[in-house]
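Listed below, chain by chain, are the residues.
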Amino acid sequence: MRFDDDSQLDSSQVRDTRGRGGFPRRGGVAIGGGAGILGVVVFILLQLLGGGGTTSGALPGIDQIQGESTQLDEECKTGADANTKEDCRVVAVVNSLQEFWTAEFQRRGAQYQLAPTTLFSGGVQTGCGTASSDVGPFYCPRDGTVYIDLSFYRDLQTRFGAQGGPFAQAYVLAHEYGHHVQNLTGAMERVGNSQSGPQSGAVRLELQADCYAGLWANHATTEPGPDGGDPLVERITEQDIADGLDAAAAIGDDAIQQRFQGQVSPETWTHGSSAQRQKWFTTGYRTGDPAQCNTFSGTV
């Protein structure tokens, strides 16, 4: 995965709260996780604690939650920075995702609302309550923000057995922004009380977010960049896609349960199996068509 060296990055879309308190990381694994490792049962609980998601345009938005200048402002200015620094790559991926979804919403006569990503370490206070790094990357519908402790990228390899790589990391963020899209479109409401099982509403929600991640990957190298310039993402190779699919498999419910419990219990799945997650990412990537990401119809 490579970014256009000359593209300008917008670091205001990523807030860096690392080193500003929080609390120490605890041991253990949040079973039922993956990209969006906040298990859906916990995800829904936080949504309820935070008052639920919204499609009314009441999300805070980037303009309302801008923080003070951070090191990202100084270090992450161009695509060349994203090609050499992990923090800047996060900024570039977030920028690319939001450029794509802004354009996609416009194509459909709707308005996309920008969502910030917050980097944290150890723990973080959110509109959905307090969360520790143990829950992994997650999206809070109450404040319309993606949260990630970048140590998860190491966990993806060392704890979950994925190969890793820049695109595997990008897939994690793309999945979370899929949840933001679902919040804006009202898809989250379709989960209802169907919160576990391989065909549950919770699993369908997660698989649609995987499909949306693949959708972005399909369009990332052709979507015009800032101010209508060249695409921010210059190249995504088949090896990159393979790394993304490998990550999707590593964080399938069955893979996680087998690794940490020694047995697979489909009735408790909240994110989908490895095969399901790979299938729906591939569907989005190969078709490039949002209409093909309707995981709430038929068998997933």
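Predicted model, so just to flag it, every value in this text is computed and none were measured.

Cut-off values and rules
Residues numbered from 1 in each chain as written. Predicted model: local features only at pLDDT ≥ 70, side-chain atom pairs only at ≥ 80, totals over all residues. Heavy atoms only, no water. Salt bridge = Lys/Arg side-chain N within 4 Å of Asp/Glu carboxyl O. Buried < 20%, exposed > 50% of the residue type's maximum accessible area, 1.4 Å probe, protein only. Helix = DSSP H or I, 4+ residues; strand = E, 2+ residues; numbered from the N terminus. Lys, Arg positive; Asp, Glu negative; His and termini not counted. Contact = heavy atoms within 4.5 Å. Disulfide = S-S within 2.5 Å.

(A) Quick look at the pattern of salt bridges. On inspection of all chains with the given rule, the structure shows 10 salt bridges. The residue arginine 2 makes a salt bridge to aspartate 5 at a minimum N-O spacing of 3.1 Å. Overall, the relative accessible area of 29% leaves arginine 2 in the partly exposed class. For aspartate 16, the salt bridge identified is with arginine 18, shortest N-O distance 2.7 Å. Given the relative accessible area of 12%, aspartate 16 is considered buried. Residue classification places arginine 18 among the partly exposed residues on the basis of a relative accessible area of 28%. Ionic contacts of the salt-bridge type, sharing partners, join the residues Glu104, Arg107, Arg108 and Glu223 into one network.

(B) How the structure looks around the side chain of arginine 204. Checked against the element boundaries, arginine 204 lands in helix α8 (residues 201–219). As a buried residue without a salt bridge, arginine 204 has its nearest oppositely charged side chain in aspartate 253, at a separation of 13 Å. If we skip the residues at most four places from it in the chain, arginine 204 touches Gln199, Thr295, Phe296, Ser297, Gly298, Thr299 and Val300.

(C) Quick peek at the state of the cysteines. The tally for this structure, following the rule as stated, stands at 3 disulfides. Here cysteine 76 pairs with cysteine 88 through a disulfide, and the sulfurs are 2.2 Å apart. Of note, the bridge from cysteine 76 to cysteine 88 carries an S-S torsion of about -80° and is left-handed in sense. Note that cysteine 76 is positioned in the loop between α3 (71–75) and α4 (79–82) and cysteine 88 in helix α5 (residues 86–107), a separation of 12 residues in sequence. The partner cysteine of cysteine 128 in its disulfide is cysteine 140, sulfur to sulfur 2.1 Å. In this structure the cystine formed by cysteine 128 and cysteine 140 twists about its S-S bond by roughly 95°; its chirality is therefore right-handed. A residue pair is termed long-range when its members are at least 10 positions apart, and cysteine 128 in the loop between β4 (123–126) and β5 (129–132) and cysteine 140 in strand β6 (residues 138–140) qualify at 12 residues. For the pair cysteine 128 and cysteine 140, one class covers both residues: buried. Sequence-ordered numbering of the bonded cysteines in the chain gives a disulfide pattern of 1-2, 3-4, 5-6.

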